[in-house]
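# Residue-level structure breakdown
Here are the chains, one letter per residue:
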Amino acid sequence: MARDVDTLLVKASRLHLAQNPEWLNLVHFRATLTPGFESQVDDPKFFLAKDGKYSPESELRESIIQLFSKTAVSDSHPRCHFVARYYWLAEKLDIDDPNTSACAEYHKWLTEINPKSALLVFPASYLNSPSSMFGHTLLRLDPGDYRKDIPLASYAVNFAAQVQASKENGFLYVYRGLFGGYPGKFNIVPYHEKIKEYNDLENRDIWEYSLNLTDAEILRMMRHLWELKSIRIDYFFTSENCSYQLLSLLDVARPGLRLAGNFSWRTIPVDTIRTVIDAGLVRQVGYRSSQSKLLLQRYRRLPEKLKRQVKLLTRPDIGLEENLDTSLSPRETAQVLEESYDFLRFQATSVRALHKPQYQKSYQLLKQRSLIKTASVWPAPSMPKIRSDQSHGSSRVATGYGKFLGKHYWSFKYRPAYHQQLDPGKGFDYGSAINFLDVDIRYGLQSKRLQLNSINIVNIESMTPVNGLFSPWSWMVNVENRKTAISESQLFNVFQLNADFGKTYAIDETNKHALSLFLDNQLYTNRHLERKGGLGIGPRLYFRSNVTKFAFVTDLSWRKTVVGESLQRKNAYIGVSKYWNENTSLRIHWRREMWDDTGSTELEISGHYYF
Amino acid sequence: MKKILIAGLLSMTPLYGMAAETGPGCGWGSMIFDGKEGVVFHVLAATTNGSFGNQTFGMTSGTAGCDASKPIHKQMAYNFLDSNMDKVARDMASGSGESVTTLAGLLGVPEDKTPLFIKTSQDNFGKIFSRDDIKSDDVYGAILKVMQENEVLAQYAS
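Rules used throughout
Numbering of residues starts from 1 in each chain and follows the order in which that chain's sequence is written. Here the convention is simple: chains get letters from A, ligands get numbers from 1, in the order in which they are written. Owing to the predicted nature of the model, reporting of local features is limited to residues with pLDDT of at least 70; listing and counting of side-chain atom pairs is limited to 80 or more, with chain, interface and lining totals taken over all residues. Heavy atoms throughout the structure, all of them, feed into the side-chain values; hydrogens and water do not. By definition, any uninterrupted DSSP run of H or I lasting at least four residues is a helix, any uninterrupted run of E lasting at least two residues is a strand, and each is numbered from the N terminus. Buried, partly exposed and exposed residues are distinguished by accessible area as a fraction of the type maximum, computed with a 1.4 Å probe on protein chains only: under 20%, between the cut-offs, and over 50%, respectively. Two residues form a contact once any of their heavy atoms are found within 4.5 Å. Computed with a 1.4 Å probe, the accessible areas rest on the Shrake-Rupley method; for each residue, only the protein chains presented here act as cover. Note on aromatic contacts: the rings of Phe and Tyr and the six-membered ring of Trp form a pair at centre separations within 6.5 Å, being stacked when their planes are under 30 degrees apart, edge-to-face when over 60 apart, and tilted otherwise. Charge-over-ring placement is defined geometrically: NZ (Lys) or CZ (Arg) within 6 Å of the ring centre, and within 35 degrees of the ring normal. The term nonpolar core refers to a set of buried residues drawn from Ala, Val, Leu, Ile, Met, Phe, Trp, Tyr and Cys, joined through side-chain atoms within 4.5 Å. At least two bridges found by DSSP between two strands are what make those strands a pair.

## Here we look at the overall build of chain B
A count of helical and extended segments in chain B gives 8 helices and 0 strands. Reading chain B from its N end, one meets helices and strands in the order α-α-α-α-α-α-α-α. Across the 158 residues in chain B, those meeting the buried criterion constitute 56%. Sequence separation of 24 or more characterises 60% of the internal contacts of chain B that already satisfy a separation of 6 or more. Carbon and sulfur atoms provide 59% of the accessible area of chain B, an area that totals close to 6,200 Å².

This is the structure in structure tokens:
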């Protein structure tokens, strides 16, 4: 029964629909400090009222007027754009014949995707790419039709910043990413494209969390997703990012959830996974190993003679037919051929190019393989016992007691993100670290003063061990401001920037113990120095050991200044950490620094808590 | 043939944005990429997961230029093959795998006939991938031909 728009407006007002959390979620309104609301959506096309971005009431009013108007419905009618709002209002206002049958484009889209179940997908980090350590989340929609058992054919929903890569330089990229300079949009691509991007090109493991959304909830979410088609929402790398926007979709799907509301200034993807798990949305978890991990695992399990075959056959100058060992069993031959092919393919993706000898060899390898009728020559890949979302909390606070230059102090530390090598390692790859804004404030017992001792702006460590197949570079970047003893009586704030390159060698494939050798390059500066600073270069040795619940790190470096101040700097650090569970640890560290002949020693014990 | 293929690729790239990163050409040449590179991106930019001009929203267009007369799911099969040639080839040669199973499903081969599809592909690998620089268009055609020559699979090869 058609209703007169005025009647609907009166009813909406009586029901306080403009304040209904479901309405606020549909239009992405968030409460502002000055009492009021603002929608996080930045595209004017998303609002029907002129002041719709700032007024839930105006937007509701205009929505009712336009969505329930008597004009003929077609694809260009607002009802066919704001499908979710239309159905929600129809339900709340008791309209018993909501009709979108004239919205051909919407229905064609919905039929094409045909979602029956949804999964939250988490491409986790890759050791040699710490920038991937924060991860990413996307949503996979599995259809209920003939495509239901072939997830590669599913669609993936992704919220991403629209970046013109070729024109962008790194610093501008960071700046714009941090301050909302990029427009973000939802896009939907075949899932296999995402697998290619994350699993293959970026060598990341993928975790797939099946959600228990009902048919009605999925439909609600799809209607809202349609509303967000081509709509710009400014992308803020730390807060309103890919993971945040997926939560806002889930909040619409299941009224009563308040997932996005848990995140204000900082949204780390793994934290959003934890929130979704805690809200009871996850049915089960699946896993896809990265290509590089699989390649290495299989290689390691091959007997020596097969390893040698793989190394030989993948050489561009070596012919396949003449050099394939004919004494091998069919199964062994199959393993050699497959592993060789995978290695060549991995090489090609690593350097982003495929050369003629490589693809000719690849083709021959496959042709040869097709002659062997044994299938499945490898054991099934195993799922790691610990998932990435089961690691320690992203933020850390710590309290310590120590002695520096003979004076005792209390220290108070805070770090919003993310992981150090001495932190509990569960769920992280060994040898990797990424930290932002690690602040250390100290209270001197003698001076009775509270002072900022150091602030570490960014610290990234990537120490992937050399192995039988690859020899990756290890590297470290560190930017900090720290109180340093430049002379016997003077403590200055020295700003320093390290960029180190080297190689890492692990004792065995567990990577629990590893030694890294670096070329350490450090730029340092302080206004009290004669030449204001300098660039020091020298060797650095970093040793790490993990034994059950202990972690141990030794870090030694020596630098001779080649430009600027003429002095030598030496640093030695030894740290031991013990953890009880993944969210608490105790640490003792000793640090000695030599600034030419001036030495300073620090010894501290600290308790760390992650949340 | 080549012209249609290239035109098809160019008009497909707005729909399947990541295909833009696979560069020109189908087939083995599709492994040449232009991704975001550089240490600077790693060090300074935990990713914004930029989509680099990706504008897709889940529509398989009938005007993709590949073959508008094909039903939508056959186009998906073609697009899947084109994007994953190296993986499909690998699975066909080794007689199993997620990529060849997915291709079978998209071609409309029912689950119980999929093992036959895979075995037939492996037996006819040299016919399907007849050259080391073969393009996906030709591979697709060859797959259909091989299916047509099998009395059980022929019905799915239209």
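Structure's up, so let's keep going.
## Here's the deal with the packing of aromatic side chains
Residue and element names in this part refer to chain A. Counted according to the given criterion, the structure contains 21 aromatic pairs over all chains. The interplanar angle of 75° and the centroid separation of 6.4 Å between the aromatic rings of Phe29 and Phe37 together place this pair among those described as edge-to-face. The partly exposed category is assigned to Phe37, whose relative accessible area is 30%. Pairing Trp207 with Tyr287 gives two aromatic rings, centres 4.7 Å apart and planes at 50°, and the pair type is tilted. One end of the pair, Trp207, is in strand S7 (residues 206–211); the other, Tyr287, is in strand S9 (residues 282–288), and 80 residues separate them in sequence. Residue class for Trp207 comes out buried when judged on its relative accessible area of 2%. Pairwise contacts between aromatic rings join Phe46, Phe47 and Phe82 into one cluster. The ring of Tyr191 has Arg140 sitting right over it, with the charged end atom 5.0 Å from the ring centre. The ring of Tyr524 is capped by Arg569, whose NZ or CZ atom sits 5.1 Å from the centre of that ring.

## Brief notes about the nonpolar core
A general tendency of soluble globular proteins is for nonpolar side chains to be buried together. Ranked by size, the top nonpolar core spans 159 residues in total, and within it Met92, Leu107, Phe117, Phe129, Ile143 and Met147 of chain B carry the most contacts. What Ile143 of chain B contacts, discounting residues up to four positions off in sequence, is Leu81, Met92, Leu103, Leu107, Phe117 and Ile128 of chain B. Of all hydrophobic cores here, the second largest spans 9 residues; its members include Leu422, Met463, Ala551 and Val553 of chain A.

## Observations concerning the pairing of strand S16 (residues 490–506) of chain A
Residue and element names in this part refer to chain A. Bridging between strand S15 (residues 474–487) and S16 involves 13 bridges; their strand directions are antiparallel. Bridge pairing in S16 places Ser487 opposite Gln490. Where S15 hands over to S16, the hairpin turn is made up of 2 residues, counted between the paired strands. As judged from the 10 bridges shared by S16 and strand S17 (residues 513–525), these two strands associate in the antiparallel manner. Bridge pairing links Lys503 to Leu517 in S17. Counting the residues that bridge the hairpin from S16 to S17 gives 6 residues, and of these Asn511 lies at a positive phi of roughly 60°.

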